[in-house]
Amino acid sequence: MPEKNSVSWSAMISGYVEANDLDSAVDFFNKAPIKSVVAWTAMITGYMKSRKIELAENLFQEMPVRNLVSWNSMISGYVECGRSEDGVKLFRRMVGLGIRPNERSLSSVLLGCSNLSALGLGKQIHQFVCKSTLYFDTSVLTSFLSMYCKCGDLGNAEKLFHGIRRKDVVTWNAMISGYAQHGLGERAIRFFDEINNQGVRPDWITFVALLSACNHAGLVDLGIKHFESMERDYGIEATPDHYTCMVDLLGRAGFLQKAVDLISGMPYEPHPAIFGTLLGACRIHKNLELAEFAVQKLLNLDPNSAAGYVQLANVYADMKRWDQVARVRQLMKEHKVVKTPGYSWIEVKNVVHEFRSGDGIHPDLELIHSKLYELEKKMKLAGFVPNLDFALHDVGVEQKEMLLSRHSEKLAVAFGLISTAKRAEIRIFKNLRICGDCHDAIKYISVIEQREIFVRDTVRFHHFRNGTCSCGDYW
C-alpha cells in the first residue's frame, strides 16, 4: 500500500510539472508522505524548467537516492538554462562515480560541448563512447555529428556521417545544417538531392537547413525554388523559421522590397525575428528608411528588444548621424533595455578562455596586448587599413582605432597565437556577428602568422586561410 501511495503522489507531482504548474507540484511534494526518486527528479525538472537553478541544485544535493534520470535532469537543465559548463562538469562527475551515461546523457552533454565549442572534450567523450554499445546507436552518433559541425570540425563530421549505417532524417538534417553553417551551399543541395535518392522523406527542419545553406552561399534563385517546392512537392507548410530564412536570403542579397512583400504575404502575423532579420539586411545595404520601418514593427511586437535598438543605432552610426545614435541610446536607457555584450571564447588544452571587448581581466592580457601591437605594425605594412565604420562612437580616428584593436575576436585570436603551437589551427567562437573590421584583420593575420583560423559567430563559420575567408566576404 505505501508503494502504491508513493506512485500516485509521484504521478501527481510529475503531472503538475508537465503542466507547468510548479506551485501545485511544490505543494504536493511537500505533503507527500513518501518521496520516491521519481518525485524528487520531477521537482528538479520543474525547477530547471522555471530556471530556478539554485532550488534544483539544493534538491539534487538533498536527494537520498539518485538514478540516471536524476543526473540527466540536472545535466540537461544546466545546458538548457545556458549553464553548459556546469552541465559538462556534472557529466564528468557522474561518469567518475561509475554511472554509465545513456542516449539522453550524451545528447545533453554534447549540446553543452557545442555551446561551449569545447571540441577537445567532445572528442574525449567520443573516444569514451567508442568502447560501449551506444556507439551503434544512430541517435547518439547523430549527436556527435552535430557537435563536430557546431565546433567547426567538418572533416570529422563527414567521416562520422559516412560511417553511420542506419541514417535517419535527423542524421541527414545535421549534415545539411553543418554545410549551411560553413557556407557550403552547393554541398548542402547535393545532400538534399541524395536524401530523395535514398528514399528518406525530408521534414520541415530539412528545409530550414537547406534554405539557410542557400542563404549563406547567396543562392537566391535556388532558395526561392526550394521554398516554393516545400508545400507543392512535399506537403510541408512553411513555418515562421522558413519565412525568416527567406527574408534573410532576399535581404542579404539586396532584394529588400521583395523581402517586405514576402512578409506582407505571410499567412499569419509576423513574429519579431522576421523584422530583426530585415533590420540586419537594412544595415548591410544602408537603407535608413526601411530600417526605421523595420525597427518600428519590431518594437511594436517586442518593446524590450535590445537588438532592435542596437541595429537602428548602428545604421545611424554607419551614416554618421551621431545625434540619432545618441537619441536611440537615450531611448534604451529610458526603457531600461540592456545591450547584450559581445564576447569571444577559445578552448586551449581543454580550458575555455572568454574575452570581452576591452577585456581587463585575463591573466595573460599584457602578453595579448603585446602580440596585438606586433600584429598591428605588420598588418599596416602589408596594406591593412582599419575600417573605422565599425567603431560606433563619435570619437577621433586614433581612439576609434584603439577601440577596434580591443574587440573580443582580436583578443581571442592573439591569445590563440601565443598559446598554441606554430601552424596549429585556431578556433574562435563569438556570441554576436563578427565585426567587419575584425573580419578584414583576421584575413591579414592568417597570412602573417601562416595559420588557419576558424571563427564561428551567430550567423555562420568563417574559415580564414592565406588571406581569404570561406564566406567570400558575403555573410
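Residues numbered from 1 in each chain as written. Predicted model: local features only at pLDDT ≥ 70, side-chain atom pairs only at ≥ 80, totals over all residues. Heavy atoms only, no water.

## Considerations on the overall build of the protein chain
Phase 1: Check the secondary structure of the protein chain and you find 24 helices and six strands.
Phase 2: Radius of gyration (C-alpha) of the protein chain: 24 Å, near the 23 Å computed for a compact globule of 475 residues.
Phase 3: Overall, the protein chain is about 80 × 55 × 55 Å in size when its C-alpha atoms are taken along their principal axes.
Phase 4: For the protein chain, with 475 residues in total, the buried portion stands at 50%.
Phase 5: Contacts spanning at least 24 positions in sequence make up 63% of the contacts within the protein chain whose residues lie at least 6 apart.
Phase 6: When the accessible area of the protein chain is evaluated, it comes to approximately 23,000 Å², of which 52% is carbon and sulfur surface.
Phase 7: Distance between charge centres in the protein chain, computed from 56 positive and 54 negative side chains, equals 5 Å. (Helix = DSSP H or I, 4+ residues; strand = E, 2+ residues; numbered from the N terminus. Rg over C-alpha atoms; globule rule 2.2 N^0.38 Å. Buried < 20%, exposed > 50% of the residue type's maximum accessible area, 1.4 Å probe, protein only. Contact = heavy atoms within 4.5 Å. Areas by Shrake-Rupley, 256 points an atom, 1.4 Å probe, with all protein chains shown as cover. Lys, Arg positive; Asp, Glu negative; His and termini not counted. Charge placed at Lys NZ, Arg CZ, Asp CG, Glu CD.)

## Topic: the pairing of strand E2 (residues 351–356)
Phase 1: Summarising the sheet, strand E1 (residues 343–348) and E2 pair through six bridges and their orientation is antiparallel. Bridge pairing links Ile 346 to His 353 in E2.
Phase 2: Count of turn residues in the E1/E2 antiparallel hairpin: two residues, of which Lys 349 carries a positive phi of about 50°. (Pairing = 2+ DSSP bridges.)

## Details of the UniProt feature "repeat: PPR" (unreviewed entry) in the protein chain
Phase 1: The UniProt feature table records "repeat: PPR" (unreviewed entry) at residues 36–66, 67–101 and 168–202.
Phase 2: Counted over residues 36–66, helix gives 74% and strand 0%. Its end C-alpha atoms are 10 Å apart.
Phase 3: Counting secondary structure, residues 67–101 comes out at 74% helix and 0% strand; the distance between its end C-alpha atoms is 11 Å. (UniProt positions renumbered as here; feature names shortened; annotations may be inferred.)

## Examining the packing of helix H5 (residues 68–80) against helix H6 (residues 84–96)
Phase 1: Relative to each other, H5 and H6 sit at 155°, their axes nearing to 6 Å. The orientation of H5 relative to H6 falls into the category roughly antiparallel. In terms of crossing hand, the pair formed by H5 and H6 is left-handed. Where H5 abuts H6, its residues Leu 68, Trp 71, Met 74, Ile 75, Tyr 78 and Val 79 lie against Ser 84, Asp 86, Gly 87, Leu 90, Phe 91, Arg 93 and Met 94.
Phase 2: Split by residue class, the contact of H5 with H6 holds nine nonpolar, two polar and two charged. (Axes fitted to C-alpha atoms, helices over the stretch in contact; angles between N-to-C directions. Parallel < 35°, antiparallel > 145°, perpendicular 65-115°, else oblique. Left-handed = near helix turned anticlockwise from the far one by under 90°. Nonpolar A, V, L, I, M, F, W, Y, C, P; charged D, E, K, R; others polar.)

## Notes on the side chain of Lys 430
Phase 1: Here Lys 430 lies in strand E3 (residues 426–430).
Phase 2: The exposure class of Lys 430 is buried, given its relative accessible area of 9%.
Phase 3: Within the structure, Lys 430 has its side chain in polar contact with the side chain of Ser 408 (distance 3.4 Å).
Phase 4: Each residue touching Lys 430, except ones within four places of it in the same chain, is listed here: Gly 342, Tyr 343, Ser 344, Trp 345, Ser 408, Glu 409, Arg 456, Asp 457 and Thr 458. (Polar contact = N/O pair within 3.5 Å; in protein donor to acceptor, adjacent residues only side chain to side chain.)

## Brief notes about helix H20 (residues 322–334)
Given 3.6 residues per turn, any residue in an α-helix points the same way as the ones three and four places further on.
Phase 1: The end-to-end C-alpha separation of H20 is 18 Å, in line with the 18 Å expected for 13 residues at 1.5 Å each.
Phase 2: If you check which residues of H20 are buried, you get Trp 322, Gln 324, Val 325, Val 328 and Met 332. Summarising the axial view, the buried residues of H20 lie within an arc of 160°, below the 170-degree limit, and thus occupy one face. Residues of H20 that are exposed and angled more than 90 degrees away from the buried face: Asp 323, Lys 333 and Glu 334.
Phase 3: Directly after H20, the chain includes Lys 336, whose backbone phi takes a positive value near 55°. (Expected span 1.5 Å × (residues − 1). Arc of directions from axis to C-beta.)

## Thoughts on the nonpolar core
Phase 1: Counting residues in each nonpolar core, the largest one holds 115 residues, and the members touching the most others are Ile 125, Met 175 and Leu 278.
Phase 2: For this core, the element with the highest residue contribution is helix H19 (residues 306–318), accounting for eight residues.
Phase 3: If we ignore the near neighbours within four places in the chain, the residues touching Leu 278 are Val 247, Leu 256, Ala 259, Val 260, Ile 263, Phe 293 and Ala 294.
Phase 4: The next biggest cluster of nonpolar side chains, apart from the first, holds 29 residues, and it includes Val 348, Phe 355, Leu 417 and Cys 471. (Core = buried A, V, L, I, M, F, W, Y, C linked by side-chain atoms within 4.5 Å.)

## A short note on the sheet that holds strand E6 (residues 468–469)
Phase 1: Taken in spatial order, the six strands make up an open sheet running E2-E1-E3-E4-E5-E6, and their pairing is mixed. Each edge of the open sheet is held by one strand with a lone partner, namely E2 and E6.

## Considering the pattern of salt bridges
Phase 1: Within the structure shown, the criterion is met by 17 salt bridges.
Phase 2: Measuring nitrogen to oxygen at the nearest pair gives 2.9 Å for the salt bridge that ties Glu 158 to Arg 187. With Glu 158 in helix H10 (residues 154–163) and Arg 187 in helix H12 (residues 185–197), this pair connects stretches of sequence that are 29 residues apart.
Phase 3: Of the charged contacts in the structure, one is a salt bridge between Glu 374 and Lys 378, with a shortest N-O distance of 3.2 Å. Residue Glu 374 and its partner Lys 378 are both found in helix H21 (residues 365–381); the two are separated by four residues, about one turn of the helix.
Phase 4: Classification of Lys 378 as partly exposed rests on a relative accessible area of 38%. (Salt bridge = Lys/Arg side-chain N within 4 Å of Asp/Glu carboxyl O.)

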